[in-house]
Amino acid sequence: SINTLHFDDPDNFFLKLDKDDRFFKKKILKEDKKKNELYKIRSKFEDLRIVENNSYKLIKKIDQKIKFSDCNSGNFNRALQILNKTNQFNFSLNRYNEKKLQHILNKKSVYKVKLVSLKDKFGDYGLIGIFILKTQKYKIEVLDFALSCRVLERFVEDYIIYFILKNFKATNYIINYQSSTYNKDLIPKFLKKNFFTLKNKNNNSYKYEIIKKKGLNEIKKIFNQ
């Protein structure tokens, strides 16, 4: 399944590259322009983590600030980018075009879409995650939950679950997980946390119930909003 270019004529190597659409971005977002800076910020965190073994204690030291935003015209393209390019920590691997995402945004009484941004003492990571909820009478279903790998193992994913439970009231909370070769490592590890319980499995499709736990409430102490 690997896309490979074949060059019959070495003299036309650069010409062929220059004309191949797969090497060009149709839209360049501000997050794309800052990518080198974002990797430098992450490197500072990784250097500190080598010294500080206790991850919970470490996160309290770096002054993480998390923010949740509605999806709007200013961040719409970034929302699409996260949903379509994030693989390892993407629960559903649903892919969206502009029309499909806009359709969901237009149905505000049924769907809730939030983007997540993060800062710490090292810098601003920008918009790093998204979740899409489907609201029913007594039930909330997490249809999509995607998060950039560069902010994992910092309890960001835990805090997002806490945020959903706190801000969207329901009797039952369900999160969908579609297993694939792309997301089969990180997400099952996260789903072992005690606030998840497996309710249903059908081939590679899983439904987990999210349960309110005291330990989940403790996560808020290491974040600022």
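Basis of the calculations
- Residues numbered from 1 in each chain as written.
- Predicted model: local features only at pLDDT ≥ 70, side-chain atom pairs only at ≥ 80, totals over all residues.
- Heavy atoms only, no water.
- Helix = DSSP H or I, 4+ residues; strand = E, 2+ residues; numbered from the N terminus.
- Expected span 1.5 Å × (residues − 1).
- Buried < 20%, exposed > 50% of the residue type's maximum accessible area, 1.4 Å probe, protein only.
- Axes fitted to C-alpha atoms, helices over the stretch in contact; angles between N-to-C directions.
- Parallel < 35°, antiparallel > 145°, perpendicular 65-115°, else oblique.
- Left-handed = near helix turned anticlockwise from the far one by under 90°.
- Contact = heavy atoms within 4.5 Å.
- Polar contact = N/O pair within 3.5 Å; in protein donor to acceptor, adjacent residues only side chain to side chain.
- Pairing = 2+ DSSP bridges.
- Right-handed = clockwise from strand over helix to strand, strands pointing away.
- Patch = residues over 30% accessible without salt bridge, like charges linked within 9 Å, V, L, I, M, F, W, Y side chains within 5 Å.
- Areas by Shrake-Rupley, 256 points an atom, 1.4 Å probe, with all protein chains shown as cover.
- Salt bridge = Lys/Arg side-chain N within 4 Å of Asp/Glu carboxyl O.
- Lys, Arg positive; Asp, Glu negative; His and termini not counted.
- Charge placed at Lys NZ, Arg CZ, Asp CG, Glu CD.

(A) Highlighting helix H7 (residues 156-167). The end-to-end C-alpha distance of H7, which contains twelve residues, comes to 16 Å, matching closely the 16 Å that a straight helix rising 1.5 Å per residue would cover. In terms of residue burial, H7 counts as a mostly covered element, since ten of its twelve residues are buried. Along H7, the positions that sit buried rather than exposed are Val156, Glu157, Asp158, Tyr159, Ile160, Ile161, Tyr162, Phe163, Ile164 and Leu165.

(B) Structural context of the packing of helix H5 (residues 76-85) against helix H6 (residues 98-106). Running from N to C, H5 and H6 point in directions that differ by 110 degrees, and their axes come no closer than 11 Å. Between H5 and H6, the angle is such that the two are roughly perpendicular. Considering only the axes of H5 and H6, their crossing is right-handed. Within the contact between the two elements, H5 uses Phe76, Asn77, Ala79, Leu80 and Leu83 and H6 uses Glu98, Leu101, Gln102 and Leu105.

(C) Focus on the side chain of arginine 78. Locating arginine 78 in the fold gives a position in helix H5. Side chain to side chain, arginine 78 and glutamine 81 meet in a polar contact 2.5 Å long. Within polar-contact distance, the side chain of arginine 78 engages the backbone oxygen of leucine 127 at 2.7 Å. Setting aside its immediate chain neighbours within four residues, arginine 78 contacts Leu29, Glu31, Leu127, Ile128 and Arg150.

(D) Representation of the pairing of strand S5 (residues 172-178). In terms of burial, S5 is a largely internal element, five of the seven residues being buried. For strand S4 (residues 139-147) and S5, the ladder comprises four bridges, and the chain directions are parallel. Across the sheet, the residue bridging to glutamate 141 is isoleucine 174, located in S5. A crossover connection joins S4 to the parallel S5 through H7; in handedness this β-α-β unit is right-handed. Relative to strand S7 (residues 205-210), S5 runs antiparallel, the two sharing five bridges. Within S7, the residue paired with glutamine 178 across the bridge is serine 205.

(E) How the structure looks around the side chain of aspartate 158. The residue aspartate 158 is located in helix H7 in this model. Not counting residues up to four positions away in its chain, the partners in contact with aspartate 158 are Phe190, Lys193, Phe195, Leu216 and Ile219.

(F) A look at a nonpolar patch on the surface. A cluster of nonpolar side chains, Phe7, Phe13 and Phe14, forms an exposed patch at the surface whose accessible area comes to about 310 Å². Summarising the element assignment, phenylalanine 7 is placed in the segment before helix H1 (13-18). Of the residues examined, phenylalanine 7 reaches a relative accessible area of 30% and is grouped as partly exposed.

(G) Quick look at the environment of phenylalanine 145. Among the structural elements, phenylalanine 145 can be located in strand S4. Taking relative accessible area as the criterion, phenylalanine 145 reaches 0% and is therefore assigned buried. In sequence terms phenylalanine 145 and glycine 129 are 16 residues apart; their C-alpha atoms lie 7.6 Å from each other. When residues no more than four places from it in sequence are discounted, the contact partners of phenylalanine 145 are Phe89, Asn90, Phe91, Ile130, Phe131, Glu157, Ile160, Ile161, Ile175 and Phe190.

(H) Highlighting the pattern of salt bridges. Summed over the entire model, instances satisfying the criterion amount to nine salt bridges. Residue lysine 65 pairs with aspartate 63 through a salt bridge whose shortest N-O separation is 2.5 Å. By relative accessible area, lysine 65 is classed as partly exposed at 37%. Taking the shortest distance from any N to any O, the salt bridge between lysine 114 and aspartate 70 comes out at 2.7 Å. Here aspartate 70 lies in strand S1 (residues 65-70) and lysine 114 lies in strand S2 (residues 111-120), a separation of 44 residues in the sequence. Relative accessible area serves as the criterion here: at 17%, lysine 114 is assigned to the buried category.

(I) Geometry of a positive patch on the surface. Side chains of Lys166, Lys169, Lys212 and Lys220 sit close together on the surface and give a patch of like positive charge. Assessed through its relative accessible area of 40%, lysine 220 is described here as partly exposed.

(J) A look at the sheet that holds S7. Pairing is mixed in the open sheet, where seven strands are placed in the order S1-S2-S3-S4-S5-S7-S6. Edge positions in the sheet fall to S1 and strand S6 (196-202), since each of these pairs with one other strand and no more. Across the sheet, the mean angle from the axis of one strand to that of its neighbour is 30 degrees, orientation sign disregarded. In the sheet, strand S3 (residues 123-135) pairs with S4 via seven bridges, with the strands oriented antiparallel. Pairing of isoleucine 130 across the sheet is with alanine 146, part of S4. Contacts from helix H3 (residues 35-51) reach S2 and S3, with the element oriented near 95 degrees to S3.

Function cannot be inferred from these measures alone, as they are strictly geometric.
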